[in-house]
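# What the coordinates show
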Number of protein chains: 2
Amino acid sequence: MTAVQYDVLGIGNAIVDVIARTDDDFLAAQKMHKGAMVLIDEERADKLYAAMGPAVEISGGSAANTIVGVASLGGRSAFVGKVRDDSLGDVFAHDIRAAGVTFDTPPAFDGPSTARCYVLVTPDGQRTMNTYLGAAQDLHPNDIDGDMMAAAAITYLEGYLWDPKHAKDAFLKAATAAHGAGRRVALTLSDAFCVDRWRGEFLELMRNGTVDILFANEAELHSLYQTADFDTALAALKAEARLAAITRSEKGCVVVAGSEVIAVPAAAVDRVVDTTGAGDLFAAGFLFGLATGVGHERAARLGAMAAAEVIQHLGARPESSLKQLAQQSGLVS
Amino acid sequence: MTAVQYDVLGIGNAIVDVIARTDDDFLAAQKMHKGAMVLIDEERADKLYAAMGPAVEISGGSAANTIVGVASLGGRSAFVGKVRDDSLGDVFAHDIRAAGVTFDTPPAFDGPSTARCYVLVTPDGQRTMNTYLGAAQDLHPNDIDGDMMAAAAITYLEGYLWDPKHAKDAFLKAATAAHGAGRRVALTLSDAFCVDRWRGEFLELMRNGTVDILFANEAELHSLYQTADFDTALAALKAEARLAAITRSEKGCVVVAGSEVIAVPAAAVDRVVDTTGAGDLFAAGFLFGLATGVGHERAARLGAMAAAEVIQHLGARPESSLKQLAQQSGLVS
């Protein structure tokens, strides 16, 4: 059996976030649904970018943020995702490697440019996202080296991967390789509208055992089971999930582990600046906890701690060492 | 006579800042002189980038930052500088236009990529800069449309323009066009090492009347007159400058206007996060004040206010409306 080389390996869309502060009027004028992620084509991306204010570029991508969080916690991690060989692609590759993550996916040498997510942050700290998938669409099964998944305690996949054409096949190849080596596979549902697009397939992934660990926020869980009632959705989840973590913003999170349900409160924050990455960093802490065997409750507390760090500044990747924060909170020794 | 269309027009290197937090050990290991700007070639840029931590990309460039500051104060402004037609070039062009600045310089379609300044911010808020000039080197005299300078109350040039090969000629063409229309020309000395490289020519520009308004910080002034004593340097400056503003960090600034010397204190700040852009934004406030005729002391106070805003966050461009801040401070009505 392959030795574990990575605590967590993530596969996702390799994206650079283009973050601008805005107000509710701009969202209304652009007919945007606050807090949601929508996919846009290049023409729309160009128009939106021309209409937005000055921005800051920070590497992003949901699973990539999670994997950087795992590295910041001191975990061994790797990422698989597709950029173009352009300057924003260089930025993405530099930032994830500089964070200590193994990133070996070769860039695309032609086709669309590196993916961008236009993140509009309102004064309440909420983020509304418009994603141009660009080169991320070109993640193919042949970008998946099964030996890497075999060497990862957990392979983590983002639901957004269901949107690009070939990424779904890459996802399934990776899950098969992970399970073939006796490893676990985790999935985040990513976004309520993403669940709307792929509900049947996501449920099937959970039911047929492709996915062992599920991450969702309340809105995504409600969308998955098409109910507005949290307890109804949770009961449905309990009936079929092996292990799931449901994040509930300032209400903390709920871990469902077989018949056991554990509620963990959110970590205190001074001021919410930008909620981008809250779910991604929760997943980082929880996955790191699982991979290092600390138990579900402590794993959830690590997730809450990591999420609290990332919402107190602009951008979806930690600015402080999560390992040091975890040591200071007594969550790791 | 051409009507005034712009309060301030800036010409400078069009640069995207790549900002990373670091520590003094990294600067020492990289043999960097803290607080200085050095020019690096592409090979060194690649090596440095590989060695630095995760970064944030924010549009920069000294004169460009100043011009964005003028726009933020409510002034009419324009910028001339060269990017490549690559993704970071798009970022630069978007950000400066989104700030309300006229920017019409066509990008280069071949040659080196858009210029980057690797900004290393230490915990004390100081920035150490390594600039790869890239496409900015290709600013040519034919990028200068003299009608624009004729329509600008003040044309503002950065000393860094003396480094790229053809930019010096562009600079002189712009100054001639401005003076031909009876406008004023301002120059910032940019950096003490830049003064070291071009001392004789900078002094000549001031002495032969190419430059009407001079900006410098203490270190640059000391370098210009090759003295470690501020009063000696100031006396030399008084003997030959028509109008000069010398910034002295937390000690505020000194305006030399003929025989008159006015000292203005620095504006109070809660916490210095990143000093990048302090001098650029001082120039923005001072130039806006001059162009709108508020008098030297109030112009210097506008400069101090703008500098105080920019050092309280990462990046060299204002995040808040400087016009609103100026109104709140009673500096403009």
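Residues numbered from 1 in each chain as written. Chains lettered and ligands numbered in written order. Predicted model: local features only at pLDDT ≥ 70, side-chain atom pairs only at ≥ 80, totals over all residues.

Attention now moves to the relation of the copies chain B and chain A. Superposing chain B onto chain A takes a rotation of 180 degrees plus a shift of 0.0 Å along the axis, which leaves an RMSD of 0.0 Å. Read as a symmetry element, the transformation amounts to a two-fold axis. Using C-alpha coordinates, one finds that chain B approaches the rotation axis most closely at E57(B), a distance of 2.4 Å. A shared interface surface links the copies, since 100% of the contact residues of chain B are contact residues in chain A too. (Least-squares fit on C-alpha atoms with pLDDT ≥ 70 in both. Contact = placed C-beta atoms within 7 Å.)

Time to look at helix α3 (residues 62-72) of chain A. All names here are of chain A. Counting buried positions along α3 gives eleven out of eleven residues, so the element sits mostly inside the fold. Restricting attention to buried positions, one finds in α3 the residues S62, A63, A64, N65, T66, I67, V68, G69, V70, A71 and S72. Backbone geometry just downstream of α3 places G74 in the positive-phi region, at approximately 100 degrees. (Buried ≥ 20, exposed ≤ 12 C-beta atoms within 10 Å, placed from the backbone. Helix = DSSP H or I, 4+ residues; strand = E, 2+ residues; numbered from the N terminus.)

Okay, the environment of S190(A) next. The residue S190(A) is located in the loop between β10 (184-188) and α7 (192-207) in this model. In this structure, S190(A) is in contact with S62(A), E158(A), G159(A) and Y160(A), ignoring residues within four places of it in sequence.

What follows is about helix α4 (residues 87-98) of chain B. It helps to recall that an α-helix has 3.6 residues per turn; residues three or four apart then point in one direction. All names here are of chain B. Under the 1.5 Å per step criterion, the end-to-end length of α4 is 16 Å for twelve residues, consistent within 8% with the ideal 16 Å. Of all twelve residues in α4, nine are buried; the element is thus mostly enclosed. For α4, the complete set of buried residues consists of S87, L88, G89, V91, F92, A93, H94, D95 and I96. In the stretch just after α4, G100 is the one whose phi turns positive, near 95 degrees. (Expected span 1.5 Å × (residues − 1).)

Turning our eyes to something else, we now look at the interface of chain B and chain A. With 21 residues of chain B at the interface, the matching set in chain A holds 21 residues. When residues of the side of chain B that touches chain A are traced back to their parent elements, those giving at least two are β4 (56-59) and α4 of chain B. In terms of residue count, the dominant contributor to the side of chain B that touches chain A is α4(B) (six residues). By residue class, the composition of the side of chain B that touches chain A is ten nonpolar, seven polar and four charged. (Nonpolar A, V, L, I, M, F, W, Y, C, P; charged D, E, K, R; others polar.)

Let us now look at the confidence of the model for chain A. Summing up the model confidence of chain A, the mean pLDDT is 96 and the portion of residues at 70 or higher is 100%. In the model output, the complex is listed with pTM 0.92 alongside ipTM 0.90. (pLDDT = per-residue confidence, 0-100.)

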